[in-house]
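Coordinates in review
Given next are the chains, with one letter for each unit.
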Amino acid sequence: VGYPIRDYEALIEVSYKYQVVDGWTIQPDVPYVMHPGGNVPNPNDPTQTITVKNAAVFGVRTTVPF
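Residues numbered from 1 in each chain as written. Predicted model: local features only at pLDDT ≥ 70, side-chain atom pairs only at ≥ 80, totals over all residues. Heavy atoms only, no water.

Counting its secondary structure elements, the protein contains one helix and five strands. Seen in sequence order, the protein has helices and strands lined up from the N terminus as β-β-β-α-β-β. Over its C-alpha atoms the protein spans a radius of gyration of 18 Å, topping by over 25% the 11 Å that the globule rule assigns to 66 residues. For the protein, the C-alpha atoms occupy an extent of roughly 60 × 20 × 15 Å along the three principal directions. For the protein, the residues scored as buried account for 15% of the 66 residues in total. Expressed as a percentage of contacts within the protein between residues at least 6 apart in sequence, the contacts between residues at least 24 apart total 52%. Total accessible area on the protein is roughly 5200 Å²; 62% of this is exposed by carbon and sulfur atoms. Across the protein, 4 positive and 6 negative side-chain charges occur, with their mean positions spaced 2 Å apart. (Helix = DSSP H or I, 4+ residues; strand = E, 2+ residues; numbered from the N terminus. Rg over C-alpha atoms; globule rule 2.2 N^0.38 Å. Buried < 20%, exposed > 50% of the residue type's maximum accessible area, 1.4 Å probe, protein only. Contact = heavy atoms within 4.5 Å. Areas by Shrake-Rupley, 256 points an atom, 1.4 Å probe, with all protein chains shown as cover. Lys, Arg positive; Asp, Glu negative; His and termini not counted. Charge placed at Lys NZ, Arg CZ, Asp CG, Glu CD.)

Let's shift gears to the environment of Asp22. Counting through the fold element by element, Asp22 comes out in the loop between strand S2 (18-21) and strand S3 (24-34). For Asp22, a relative accessible area of 75% puts it in the exposed group. Between the C-alpha atom of Asp22 and that of Val57, which follows or precedes it by 35 residues, the distance is 28 Å. Within the structure, the side chain of Asp22 is placed 3.5 Å from the side chain of Gln19, a separation counted as a polar contact. (Polar contact = N/O pair within 3.5 Å; in protein donor to acceptor, adjacent residues only side chain to side chain.)

Attention shifts here to unusual backbone geometry. Its identity as a non-glycine residue notwithstanding, His35 has a phi of 55 degrees, on the positive side. As for its placement among the helices and strands, His35 is situated in the loop between S3 and helix H1 (36-39). With a phi close to 75 degrees, Asn39 is a non-glycine residue in the positive phi region. Following the sequence through the fold, Asn39 ends up in helix H1.

Turning our eyes to something else, we now look at the environment of Val33. As for its position among the elements, Val33 is in strand S3. When its relative accessible area of 21% is taken as the criterion, Val33 is described as partly exposed. Excluding residues within four positions of it along the chain, Val33 makes contact with Glu9, Ala10, Leu11, Asn54 and Ala55.

In terms of polar contacts, His35 uses its side chain to reach the side chain of Asp7, at 3.1 Å. Each residue touching His35, except ones within four places of it in the same chain, is listed here: Asp7, Tyr8, Glu9 and Asn54.

Here is the structure:
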């Protein structure tokens, strides 16, 4: 049976903090995961021959003092 071969997991993350006004910041964050879990089989695939796909996540953080 052709099960996926386990190998590496890699993460690339891009983030930048921007100061809108004095004391208020906005920080977008974009991590990208390659070969999640080291190329594990997808648990939703009954044949267990398809791996979990790469993933990108988009988020924003803001800081406001009070």
